[in-house]
Amino acid sequence: MSYPYQIKSFEQYQKDYKRSIEDPAGFWSDIAEHFQWKKKWDNPLNWNFTEPKVEWFKGATLNITENCLDRHLEKMGDIPAIIWEPNDPEEHHRIITYKKLHEKVCQFANVLKNNGVKKGDRVCIYMGMIPELAIAVLACARIGAIHSVVFGGFSAQSIADRLYDAQAEYIITCDGAYRGAKDIPLKSVIDDALIGNRTVKRVIVCTRTRTPVSMIKGRDVWWEDEIKKIETLGLNDCAAEDMEAEDPLFILYTSGSTGKPKGVVHSCAGYMLYTNYTFVNVFQYQPGDIHFCTADIGWITGHSYIVYGPLSAGATTLMFEGVPTWPDAGRFWDIIDKYRVNILYTAPTAIRSLMGFGLGPVHGHDLSSLKILGTVGEPINEEAWHWYHEHIGKGKCPIVDTWWQTETGGILISNLAGVTPAKASWATLPLPGVEPVLVDEKGDEITTMEDGVYKGNLCIKQPWPSILRTTYGDHERCRTNYFATYPNLYFTGDGALKDEQGFYRITGRVDDVLNVSGHRIGTAEVENAINMHSGVVESAVVGYPHEIKGQGIYAFVIYTGSHQQNTHGTADLIRKDLLQTVTRIIGPIAKPDKIQFVSGLPKTRSGKIMRRILRKIAEGEVENLGDTTTLLDPAIVDEIKNGRL
Ligand code: WT7
């Protein structure tokens, strides 16, 4: 495959960028010509941010899987689409060519049809990182079913909430998943999630760990048995469903500043175009390169840069089942050496955690195949950036610092590897099609520099092809969350700096959303979970800087009676009860790192918790707490300060 739209020089970037902003419809239409359509569009772009309504390529029909699979078969059928590395290095890896992947996706698409799945139905996917996860995702897309992948670290309650919100009737899962030394009993979690559920008709269970599972007659079926039926019927091909450009492709739940996670909806054509375009340009992918994105497909990074971006570009994507530190901290370097990986895309939290093991695990691995390094998920500190550059890239690989979000579908701000300049811990310049703006609290554009930079809340002025279209089942929530804070702007929730060259540095969330090891968690969500515990009166959760995770979770909790000497045991035991509660309600990823018991919270006279004060205390900045005179009970601040963990 060749990519005529791959940017090759800084001058070309500037030219393409300029055109993309002045004439987005023309710019993206030209790129769209390089994809396979069943029918071309009538109108490339129609939008307003007030409803909001965004329509790209209206009137066109396509199927994303034809672009990810069928169109590569003739010339590239025998090249690897997916290289799969298992959790246990002793187990055999798998290489799946485009031809094979096409066949497996078609077969499983027929399994879905055979089990009653139709276009528009919602299918929840809860699996570990095995090739069948990618196959399940693509099989849904093949028949126009809307996939909703839920990360394996979420609890039964979280799955139940997501099933209900999406009114999902089908689930695809595994018996279990391997993650490092752990076995996660996925099917058993699904069984818990299904207690009392009346909408789910079918659960398809793929074998991985062969951990004992209950298979309920009439509801649960084995993946392998269903495939056999299809093979017996000779149904090895499956026509790709005609999808309207704006038909939903998938839902992915993500946390916001209020209550429950929202289902971000992406649509077929725009998402396909943008993930492909950004993959090819940011990573400067060359045919034959091996691309290793270490994310889980349960997050947007996996959707866009393990599955859809690379496959639509005919790339070879490496999928890793395990974790970076098991059996030892050389696991990534092992994989890079073994497969001669060219592009490594990972998270700052992984880099920082591997840095902690020193250079020992890096030595003895040949990393000379690496050409390009990437990071995503949170701001990367300079120390980690330099370690990555020097010890992994050996000083010769450009690092792309890619800023984006679940809602943006693809990378919005990043340097293009080796083509546009890099700057340690700066995401740098916007991609073509992306017009950022920094605004103040009132929504006015920041026009004066402070200490050599512009500083403000990061918004985007016009739609790029993979902007979210709605939040599932609640369009008003989409409007208020992203388009109502500042009129006619998409608000990202992030704060940013901009320097005199126009480079952006993302400083982190300005709302009540935490970023823990690159995972997004709402403080309100964690508070709700803590408050579910019978002994808890009230709680307040804030983030604090954490050396490895980026942000840690700090919970201040008012507990009934005396938590010090309680009939239910010591403070430590109660802390463990609370962690258990959070694990049950959300999942282990949301467990607070610190729980401080307090007798009250700093509140204003109107009853509002002053998080600013709690944040400062959690950060260890106890001296300069600002004005506390408006507090109902200023004395509480001293108690909290003194009890700080
Ligand atoms: C939030 C989105 C989209 C990839 C995975 C996370 C933070 C993401 C960067 C970066 C600084 C970053 C932002 C953003 N973030 N990438 N390169 N530099 N911050 O997706 O869970 O939707 O989280 O992650 O705060 O808003 P997500």
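Residues numbered from 1 in each chain as written. Predicted model: local features only at pLDDT ≥ 70, side-chain atom pairs only at ≥ 80, totals over all residues. Heavy atoms only, no water.

Undergrad: Would you mind showing me how to read the site of the ligand here?
TA: By nearness alone, 17 residues border the ligand, and Asp401, Thr402, Thr406, Asp494 and Arg520 come closest of all. Here a nitrogen atom of the ligand and a side-chain polar atom of Asp401 are 2.8 Å apart. Notes on the ligand: free accessible area 550 Å², of which the protein chains cover 96%. Looking at the shell around the ligand, the elements that each hand over two or more residues are helix 10 (300-312), strand 20 (399-402) and strand 25 (504-509). For the shell around the ligand, a count of residues per class yields 6 nonpolar, 6 polar and 5 charged. (Near = heavy atom within 4 Å. Polar contact = N/O pair within 3.5 Å; in protein donor to acceptor, adjacent residues only side chain to side chain. Areas by Shrake-Rupley, 256 points an atom, 1.4 Å probe, with all protein chains shown as cover. Helix = DSSP H or I, 4+ residues; strand = E, 2+ residues; numbered from the N terminus. Nonpolar A, V, L, I, M, F, W, Y, C, P; charged D, E, K, R; others polar.)

Undergrad: Is there a simple way to think about the sheet that holds strand 22 (residues 454-460) in this case?
TA: The strand order 21-22-24-25 describes an open sheet built from 4 strands, whose pairing is antiparallel. Whereas interior strands pair on both sides, the edge strands pair on one side only; in this sheet they are strand 21 (436-439) and strand 25. On average, adjacent strands in this sheet sit at an angle of 45° to one another, irrespective of strand direction. Pairing of strand 24 (residues 490-498) with strand 25, which is carried by 5 bridges, proceeds in the antiparallel orientation. By the bridge assignment, Leu497 is partnered in strand 25 with Arg505. (Pairing = 2+ DSSP bridges. Axes fitted to C-alpha atoms, helices over the stretch in contact; angles between N-to-C directions.)

Undergrad: What is the right way to look at the pattern of salt bridges in this model?
TA: Side chains that differ in sign of charge can pair as their charged atoms come close. By the definition in use, this model includes 42 salt bridges. For Arg219, the salt bridge goes to Asp220, with nearest N and O atoms at 2.6 Å. Asp220 matches Arg219 in its accessibility class, with the two residues each being buried. Arg520 is the partner of Glu407 in a salt bridge, and the nearest nitrogen-oxygen pair spans 2.7 Å. Of the two residues, Glu407 is situated in the loop between strand 20 and strand 21 and Arg520 in strand 27 (residues 519-522); the sequence distance between them amounts to 113 residues. You'll find Glu407 and Arg520 in the same group, each marked buried. Each of Glu85, Arg331, Asp334 and Lys338 takes part in salt bridges that share partners, so that together they form one network. (Salt bridge = Lys/Arg side-chain N within 4 Å of Asp/Glu carboxyl O. Buried < 20%, exposed > 50% of the residue type's maximum accessible area, 1.4 Å probe, protein only.)

Undergrad: Where do I start with the layout of surface pockets in this structure?
TA: Rolled over the atoms, a probe sized like a water molecule indicates the empty space that remains. In this structure, the second largest pocket occupies an estimated 300 Å³ of space. What lines the second largest pocket is a set of 18 residues, and nearest its centre among them are Tyr17, Pro436, Lys498, Gly502 and Tyr504. Only helix 1 (10-22) and strand 21 provide two or more residues apiece to the lining of the second largest pocket. No other element matches the 4 residues that helix 1 contributes to the lining of the second largest pocket. Taken together, the residues of the lining of the second largest pocket break down into 11 nonpolar, 3 polar and 4 charged. (1 Å grid on protein atoms, 1.4 Å probe; cavity = no way out; pocket = protein on both sides within 12 Å on 5 of 7 lines; lining within 4 Å. Points joined across faces, edges and corners; volume = space filled by probe spheres on them.)

Undergrad: I keep staring at the packing of aromatic side chains and nothing clicks. Help me out?
TA: Each aromatic ring pair is described using two quantities: the centre-to-centre distance and the angle formed by the ring planes. Going through the model one piece at a time under the given rule, you end up with 41 aromatic pairs. Relative to Phe35, the ring of Tyr5 lies with its centre 6.4 Å away and its plane at 20°, an arrangement referred to as stacked. Of this pair, Tyr5 sits in the segment before helix 1 while Phe35 sits in the loop between helix 2 (24-32) and strand 1 (43-48), and the two are 30 residues apart along the sequence. Phe35 gets classed as buried once you look at its relative accessible area, which sits at 7%. Ring centres of Tyr544 and Tyr554 lie 6.0 Å apart, and the angle between their planes is 85°; this geometry places the pair in the edge-to-face category. (Phe/Tyr/Trp six-rings, centres within 6.5 Å; stacked < 30°, edge-to-face > 60°.)

Undergrad: Hey, could you run me through unusual backbone geometry in this one?
TA: When glycine is set aside, most residues are seen to have a negative phi, and most peptide bonds are trans. Residue Pro52 follows Glu51 across a cis peptide bond; omega there is -5°. Here Pro52 lies in the loop between strand 1 and strand 2 (53-58). Following Trp326, the chain continues into Pro327 via a peptide bond in cis, with omega recorded as -5°. Note that Pro327 resides in the loop between strand 17 (316-320) and helix 11 (331-339). Look at Arg340: it is not a glycine, yet its phi comes out positive at around 55°. Considering the arrangement of structural elements, one finds Arg340 in the loop between helix 11 and strand 18 (343-346). The class for Arg340 is partly exposed, based on a relative accessible area of 35%. The backbone of Asp451 shows a phi angle near 50°, a positive value even though the residue is not glycine. Tracing the backbone through its elements, the reader meets Asp451 in the loop between strand 21 and strand 22. Accessibility expressed as a relative area gives 81% for Asp451, which makes it exposed.

Undergrad: Would you mind showing me how to read the packing of helix 5 (residues 131-143) against helix 10 here?
TA: For any two helices packed against each other, the geometry comes down to the angle between their axes and how far apart the axes lie. At their nearest, the axes of helix 5 and helix 10 sit 11 Å apart, and the two run at 60° to each other. Taken as a pair, helix 5 and helix 10 cross one another with a handedness that is right-handed. When helix 5 is examined against helix 10, the residues Ala134, Val137, Leu138 and Ala141 are found in contact with a partner set consisting of Val307, Tyr308 and Leu311. Among the residues forming the contact of helix 5 with helix 10, the class breakdown is 7 nonpolar, no polar and no charged. (Left-handed = near helix turned anticlockwise from the far one by under 90°. Contact = heavy atoms within 4.5 Å.)

Undergrad: Please clarify how the environment of Leu45 should be interpreted in this entry.
TA: Looking at where Leu45 falls in the secondary structure, it is placed in strand 1. Leu45 sits 13 residues away from Lys58 along the chain, and the two C-alpha atoms are 7.3 Å apart.

Undergrad: When you look at the domain arrangement of the protein chain in this model, what are you seeing that I'm missing?
TA: It is common to give the size of an interface as the accessible area lost on bringing the parts into contact. As far as domains go, the protein chain holds domain 1 (66-241) and domain 2 (516-642). At the junction of the two partners, domain 1 supplies 6 residues and domain 2 supplies 7 residues. Here domain 1 and domain 2 share an interface that buries about 490 Å² over both sides, 57% of which is from carbon and sulfur atoms. By the criterion of area lost to domain 2, the three top residues of domain 1 are Gly153, Phe154 and Ser155, representing 56% of everything that side buries. Inspection of the region where domain 1 meets domain 2 yields 0 salt bridges. At the junction of domain 1 with domain 2, the criterion picks out 5 residue pairs in polar contact (both at pLDDT 80 or more). Looking at the side of domain 1 that touches domain 2 residue by residue, the classes come out as 2 nonpolar, 4 polar and no charged. (Domains from an automatic or database assignment. Buried area = accessible area lost by both parts, 1.4 Å probe.)

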